[in-house]
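Structural overview for review
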Amino acid sequence: MRTDVDHAPFLLLSIRGEDAAADDEYRAMMRFAGLDADSLHRIRLTHRPLGMIDLDDWSGIILGGGPYNVSDAAESKSETQQRVESELLPLIADIVERDFPFLGCCYGVGTLGSIIGATVDRTYSEPVGAVTITLTPQAHDDPLFSGLPDVFDAYGGHKEAATSLPPDVVRLAESSDCPVQAFRVGANVYATQFHPELDADGICTRIDVYKNHGYFAPETAESLKSAARQHNIEHPPEILRRFARRYLRRR
C-alpha cells in the first residue's frame, strides 16, 4: 500500500537519539506498514521539539520505542527526556480524548499507560530477544489482532511495563513474564509492549546500538544476536500493516 497526495500521511514519533537505530526503525515501519517516506513522516523528538500537531493533518500516529522509561524518577531523566515527555504526554492525552488512531510500540505502553491511569513500573521487565505472545479472548474481535495465531513469537526487551490496566481498557495480549503485552483504549488507541516492526536484522541492530544501555551485559551481545536469529518472526508486522490499512484516510 502506498498513499498519494489525496491521503493524509501517518506520523512516526521517534525517541531514538542514535542514527543507526532511528533510521532502521523508520525503514522497518515503512516496510512492514507498506508505506513510504511520503506517507510516513518522522519527527525525531531527540533532535527537535514536537511543535504544534494538528491531528486532522494525519491518518494516524505511531510512537516508536527507545531507551526512555516514563516510570523513572524525574531527577534521573535527562533534560531531553524531560522535554520530550512534557511535549508528548499532552499529545497522547488529546489522542485518547479524541480516540484518534495511535499505535505505541514499547514506549507506548509507558506513555499511554501513564495517561490512562495504568500502573507502570519495573515489575515485569523482560530481557532482549524473542518472546512468546499469547492473545487474550478479547483479541479475537479486535481489528488489528483478530485472525492472528493465538500464540506467536515477537521481539522485545524492556525495563518497564504495565502491571495493571484500568477496567475499561481492553487487554489484548500477554506473555509468561509480562501480563500486558498489548492493549486498546477506546476503539482506535493501541499500545504493544513487543515491537511489531522488528525482524532479526532489526533486533541485531538494536543489540549493537544499545549494548551499553543496561538492557543486558555487553559481553553477551553476540550470543543474544545468535539466539534471536533462531526465531522466525512473521506475525507481528501484520499489526502494522493492518493499522496502516485501517486508518488511511483521505484529506
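Residues numbered from 1 in each chain as written. Predicted model: local features only at pLDDT ≥ 70, side-chain atom pairs only at ≥ 80, totals over all residues. Heavy atoms only, no water.

**A few points about the environment of Arg 242**
With respect to the helices and strands, the residue Arg 242 is situated in helix α6 (residues 236-247). Taking the C-alpha atoms as reference points, Arg 242 and Leu 165, 77 residues apart in sequence, are found 24 Å from one another. If near-sequence neighbours (up to four positions away) are discounted, Arg 242 is found in contact with Pro 143, Leu 144, Phe 145, Ser 146, Gly 147 and Leu 148. (Helix = DSSP H or I, 4+ residues; strand = E, 2+ residues; numbered from the N terminus. Contact = heavy atoms within 4.5 Å.)

**A few points about the pairing of strand β2 (residues 40-44)**
Pairing of strand β1 (residues 10-14) with β2 involves five bridges; the strand directions are parallel. Residue pairing for β2: Leu 12 is matched across the bridge by Arg 42. Each parallel crossover has a hand, and for β1 linked through helix α1 (residues 19-33) to β2 it is right-handed. (Pairing = 2+ DSSP bridges. Right-handed = clockwise from strand over helix to strand, strands pointing away.)

**What to know about the packing of aromatic side chains**
In the structure shown here, the tally under the stated rule is five aromatic pairs. For the pair Tyr 68 and Tyr 107, a centre-to-centre distance of 6.1 Å together with 70 degrees between the ring planes defines the contact as edge-to-face. Within this pair, whereas Tyr 68 is found in the loop between β3 (60-63) and α2 (79-98), its partner Tyr 107 is found in helix α3 (residues 107-116), the two being separated by 39 residues in sequence. Both residues of the pair, Tyr 68 and Tyr 107, belong to the buried class. Put simply, the rings of Phe 10, Phe 243 and Tyr 247 pair up and form one aromatic cluster. (Phe/Tyr/Trp six-rings, centres within 6.5 Å; stacked < 30°, edge-to-face > 60°. Buried < 20%, exposed > 50% of the residue type's maximum accessible area, 1.4 Å probe, protein only.)

**Topic: the packing of α2 against α3**
Their axes nearest at 9 Å, the elements α2 and α3 cross at an angle of 65 degrees. Here α3 runs roughly perpendicular to α2, going by the angle between their axes. For α2 against α3, the interelement crossing comes out right-handed. Taken together, the residues of α3 that come into contact with α2 (itself represented by Glu 85, Leu 88, Leu 89, Ile 92, Ala 93 and Val 96) are Tyr 107, Thr 111, Leu 112, Ser 114, Ile 115 and Ile 116. (Axes fitted to C-alpha atoms, helices over the stretch in contact; angles between N-to-C directions. Parallel < 35°, antiparallel > 145°, perpendicular 65-115°, else oblique. Left-handed = near helix turned anticlockwise from the far one by under 90°.)

**Examining the pairing of strand β10 (residues 178-185)**
Summarising burial for β10: seven of the eight residues are buried, a large majority. One ladder, built from four bridges, connects strand β9 (residues 170-175) with β10; its direction is antiparallel. Directly across from Ala 173, in β10, lies its bridge partner Ala 182. By the bridge criterion, four bridges tie β10 to strand β11 (residues 189-192) in an arrangement that is antiparallel.

**Here we look at α6**
Since the α-helix packs 3.6 residues into each turn, any two residues three or four apart lie on the same face. The end-to-end C-alpha distance of α6, which contains 12 residues, comes to 18 Å, matching closely the 16 Å that a straight helix rising 1.5 Å per residue would cover. Counting buried positions along α6 yields nine of 12 residues, so the element is predominantly enclosed. Listed as buried for α6 are Pro 236, Pro 237, Glu 238, Ile 239, Leu 240, Arg 242, Phe 243, Ala 244 and Tyr 247. Elements in contact with the buried residues of α6: β1, α1, β3, β4 (102-105), β7 (151-158) and β11. (Expected span 1.5 Å × (residues − 1).)

**As for the sheet that holds β2**
Taken together, the nine strands give an open sheet; going across it, the order is β2-β1-β3-β4-β11-β10-β9-β6-β7, and neighbouring strands pair in mixed fashion. Strands at the two margins of the open sheet, each flanked by one partner only, are β2 and β7. Neighbour-to-neighbour, the strand axes of the sheet open up by a mean angle of 25 degrees, direction not taken into account.

**Focus on the pattern of salt bridges**
Opposite charge on two side chains permits pairing when their charged atoms draw close. In the structure shown here, the tally under the stated rule is 17 salt bridges. Two residues, Glu 197 and Arg 206, come together in a salt bridge whose shortest N-O distance is 2.9 Å. Note on Glu 197: relative accessible area 0%, which makes it buried. Linked through salt bridges whose partners overlap, the residues forming this network are Asp 208, Glu 222 and Lys 225. (Salt bridge = Lys/Arg side-chain N within 4 Å of Asp/Glu carboxyl O.)

**As for the side chain of Glu 85**
Relative to the assigned elements, Glu 85 resides in helix α2. On the basis of relative accessible area, Glu 85 is assigned to the buried category, the value being 6%. At 2.9 Å, the side chain of Glu 85 and the side chain of Gln 81 are in polar contact. Once you skip the residues sitting within four places of it in the chain, Glu 85 turns out to touch Tyr 68, Asn 69, Val 70, Lys 77, Pro 90 and Tyr 107. (Polar contact = N/O pair within 3.5 Å; in protein donor to acceptor, adjacent residues only side chain to side chain.)

**Considerations on helix α5 (residues 221-228)**
For α5, the full list of buried residues reads Ala 221, Lys 225 and Ala 228. Axial view of α5: buried residues confined to an arc of 65 degrees, hence all on one face. Where α5 is buried, its residues meet β7 and α4 (200-209). (Arc of directions from axis to C-beta.)

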